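Spelled out from the first residue to the last, the chains are:
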Amino acid sequence: MLESSMVSEVNMRAVVGCQYLYRRKATYYLRVKIPKRLGVREVRLCLRTEVLEVALVILQRLKPLIIQLKGLVIHSRTLDTSLISQQLNQIKNAMQKQLTIADIDPLIAKLEKGFSDGGHAVNALGDKSILELDSRFKELFIHMADTDSNEERVNRFAEIIKGLPEGERWSFLESMSSVIKLFTRIEDNQAEGEGLPQQVNELLAEHGYAIEPKSLPYRVLLSKLKTSNAVRDELLASIFNEDFLGEREVQGLLASASEPLVHTPVADVDNEPTGPLFSEVYSEFLEFKIKKEKLTEKIQADYERFYTVWQLLMDDKPIDQYKPKDIGRFIDRCFELPRMNIAPYNKMTWQERLDCEVPEEDVTSPKSVQGYYKWLQSIFAYAKKDTVDYISSSPCSIKRDFTSNTRGAFSDLELVQFLNAAKGESTLWKQWIIRLGIYTGARLGELVQLRKSDIRFDEETKRHYILITDEHKDQKLKTENAKRKIPMHTALVTDGFLDFVATCNEKLFNELDKSVRVTGWMPRLMESIGVPTFNELGHKRSFHSFRHTFITKLMNDGVPVNNLQQVVGHEISSFGITSNYTHKATSIKNLVEVVDAFKVR
């Protein structure tokens, strides 16, 4: 039974090392104490098990609801009283099994299973006249009956039997059976009608169901229980009057109880996360830091920047649902952010900074990225505090080198793994964005915005090429020199790229309105095929590493640097080579030699 009022502390003992878990007699309970301003002092749920291991499993499944309950406590000072009551009831109901129409007959069947045996036991013992009942029995009977809770009456009955000397137990049971027989013969339809809802509630509570009087299943159970009570009364009357034929006839009306459904109170607790969202926890965290730790305006500005990037890159989900890999992906993405104090990034919005491709010499410093990580560590440390208790462990357990930010290349073996993954992809943009990244050396932003008209044919070389341009209003390029022609690698033609282009309308990748979608997917792809984010030298790899690999391999193979510069858009200054050149001197014929020299061995 789920209770929301102050309960007796008698024999209710906390289980050492298990927060919220208590034991009364042999049965385990969940207890969550809450402020009196919510209208109740605690929420208690009987877990209906005497096995600690089972209780711990149930407790773990209830943890999201406990977190939601504590979140309600935190926000209760700012909420309307009626809203608090409504949300509290929703949480309590979610802790229990929701009654369905299919559950009703098994419940009734189990209830009716004991009618006959119980009736005969009472008939055999209940031969005393009401006048023969002694004062001691009357005193005990009044104590047992003086409560509105059937569960409490049963508990008191058990305590009385246990406390009586063995020689007095049979006498008490005989007297008790006589009273039951007497009450059974008294017809009071009005009392039966008034007590029926209480009987339904106790039956639902006994089996761990939520009590929702307005629901259709509750009303159906109410109707069927009324019918069952009528059958019970007829059966008991037949037994007490020794009408054996009538008893057999009534027994035929009892429901079959061969497979009764017995549910624990958490059998169907929704496994969807119900804890407070990251955004909600962050608001609490920020308020705590400002009020309690007097956070400076400079640090507040830093926090605002960190949170802006987090919102653009990450989904807002319950705080306890973040894993170390989520934190790792976020931090790895931060390593690719540009420095904000140089052009053109200092005039960009954060979304534009995330969408653009940043050359290695322009990326932010590792120390700046460490600031993002320390910010996250502080938030999750707050959520883990014993006075907050939103999470049991922090996902900020990743290892990263915050002393250097060198980008790494992929090995040939890793390129093969990417190509094999592309072949197995059912999503077209995933197939071709990987192949294009490997075989063109183009920037991700340039590939995402490609249009069907950008795939062209050169009459002189009889080769198709890819035009990197900003002719269309939706296309943007990093610099003027980024405009160029990239001869199409024969591997792309062999794999069917031209066939794919023929199926497109205007844009090749309609699903990719921004490159950030690929940036978010890339770490998951790498993880799934076993390509680590960092190579053996500690250099970080990302989608941009395809470009890095393309340039590195061709330079190692000794292709003419000037031609290579024109294929990749002259971002080779990091290799110690001048970027000053013009496009007019080189034809596509010379560029074909550069692209054809790139091989995945």
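Reading the values: the criteria
- Residues numbered from 1 in each chain as written.
- Predicted model: local features only at pLDDT ≥ 70, side-chain atom pairs only at ≥ 80, totals over all residues.
- Heavy atoms only, no water.
- Helix = DSSP H or I, 4+ residues; strand = E, 2+ residues; numbered from the N terminus.
- Contact = heavy atoms within 4.5 Å.
- Areas by Shrake-Rupley, 256 points an atom, 1.4 Å probe, with all protein chains shown as cover.
- Axes fitted to C-alpha atoms, helices over the stretch in contact; angles between N-to-C directions.
- Parallel < 35°, antiparallel > 145°, perpendicular 65-115°, else oblique.
- Left-handed = near helix turned anticlockwise from the far one by under 90°.
- Nonpolar A, V, L, I, M, F, W, Y, C, P; charged D, E, K, R; others polar.
- Pairing = 2+ DSSP bridges.
- Phe/Tyr/Trp six-rings, centres within 6.5 Å; stacked < 30°, edge-to-face > 60°.
- Lys NZ or Arg CZ within 6 Å of the ring centre and 35° of its normal.
- Buried < 20%, exposed > 50% of the residue type's maximum accessible area, 1.4 Å probe, protein only.
- Polar contact = N/O pair within 3.5 Å; in protein donor to acceptor, adjacent residues only side chain to side chain.
- Salt bridge = Lys/Arg side-chain N within 4 Å of Asp/Glu carboxyl O.
- Core = buried A, V, L, I, M, F, W, Y, C linked by side-chain atoms within 4.5 Å.

A. Inspection of the overall build of the protein at higher detail. The helix and strand inventory of the protein stands at 24 helices and 8 strands. Of all intrachain contacts in the protein linking residues separated by at least 6 positions in sequence, the fraction that spans at least 24 positions is 67%. Accessible area for the protein stands at about 31000 Å²; split by element, carbon and sulfur atoms hold 51% of it.

B. How the structure looks around the packing of helix H22 (residues 544–556) against helix H23 (residues 561–568). At a minimum axis separation of 11 Å, H22 and H23 run at an interaxial angle of 165°. The pairing of H22 with H23 is recorded here as roughly antiparallel in orientation. Crossing handedness for the pair H22 and H23: right-handed. Touching Arg547, Phe550, Ile551, Leu554 and Met555 of H22 are Leu564, Val567 and Val568, all from H23. Classifying every residue of the contact of H22 with H23 by side-chain character gives 7 nonpolar, no polar and 1 charged.

C. Structural detail: unusual backbone geometry. The omega torsion of the bond from Ala343 to Pro344 falls at 0°, within 30 degrees of zero and hence cis. You can see Pro344 is positioned in the loop between helix H13 (324–334) and helix H14 (350–355). Unusually for a residue other than glycine, Tyr20 sits at a positive phi of about 80°. Summarising the element assignment, Tyr20 is placed in the loop between strand S2 (12–14) and strand S3 (21–24).

D. Spatial organisation of the sheet that holds strand S7 (residues 463–468). Spatial strand order, S6-S7-S8: 3 strands in an open sheet with antiparallel pairing. At either end of the open sheet lies a strand with only one pairing partner, and these are strand S6 (455–458) and strand S8 (484–487). Here the average twist between neighbouring strands, direction ignored, is 40°. Bridge count for S7 against S8 is 4 bridges, and the pairing is antiparallel.

E. Focus on the pairing of S3. In the sheet, S2 pairs with S3 via 3 bridges, with the strands oriented antiparallel. Its bridge partner lying in S3, Met12 is registered against Arg24. Once S2 ends, the chain turns through 6 residues before running back antiparallel as S3, passing Gly17 with a positive phi of about 85°. Hairpin geometry of S3 and strand S4 (residues 27–33) is characterised by an intervening segment of 2 residues between the two adjacent antiparallel strands and by a positive phi of about 55° at Lys25.

F. Summary view of the packing of aromatic side chains. Across all of its chains, the model carries 34 aromatic pairs by this definition. Here Lys317 stacks its cationic end above the ring of Tyr322, 5.0 Å away from the centre of that ring. For Arg435, the ring lying beneath its charged end belongs to Trp432, and the centroid distance is 4.4 Å.

G. Summary view of the packing of H13 against helix H15 (residues 366–384). Relative to each other, H13 and H15 sit at 155°, their axes nearing to 9 Å. Here H13 is positioned roughly antiparallel relative to H15, judged by the angle of their axes. Every pair of crossing elements has a handedness; the one defined by H13 and H15 is right-handed. Facing Ile327, Phe330, Ile331 and Cys334 of H13, the residues of H15 in contact are Val369, Tyr372, Tyr373, Leu376 and Phe380. Looking at the contact of H13 with H15, its residues break down into 9 nonpolar, no polar and no charged.

H. Examining the side chain of Lys553 more closely. Within the secondary structure layout, Lys553 lies in helix H22. Owing to a relative accessible area of 14%, Lys553 belongs among the buried residues under this scheme. At 3.2 Å, the side chain of Lys553 forms a polar contact with the backbone oxygen of Lys599. Leave out the neighbours within four places in its chain, and Lys553 touches Asp412, Leu415, Phe598, Lys599 and Arg601.

I. View of the pattern of salt bridges. Counted under the stated rule, the structure contains 18 salt bridges. In this structure, the salt-bridge partner of Asp105 is Lys224, at a minimum N-O distance of 2.8 Å. Taken together, the positions of Asp105 in helix H3 (residues 101–112) and Lys224 in helix H9 (residues 216–240) put the pair 119 residues apart, joining distant regions of the chain. For Asp105, a relative accessible area of 44% corresponds to the partly exposed category. Residues Arg435 and Asp495 are paired through a salt bridge, measuring 3.6 Å at the closest nitrogen-oxygen approach.

J. Summary view of the nonpolar core. Formed by 52 residues in total, the largest nonpolar core has its most connected members in Phe418, Ile433, Ile434 and Phe497. Take this core: its biggest share by element is 7 residues, from helix H17 (residues 428–440). Apart from residues lying up to four places away in sequence, Phe497 is in contact with Trp432, Leu436, Ile455, Met488, Leu492 and Leu508. In this structure, Phe278, Leu295, Leu337 and Val369 belong to the second largest nonpolar core, which totals 37 residues.

K. Just the side chain of Arg333, in detail. With respect to the helices and strands, Arg333 occurs in helix H13. Overall, Arg333 belongs to the buried group, its relative accessible area being 9%. Setting aside residues no more than four positions away along its own chain, Arg333 makes contact with Leu313, Leu354 and Thr519.

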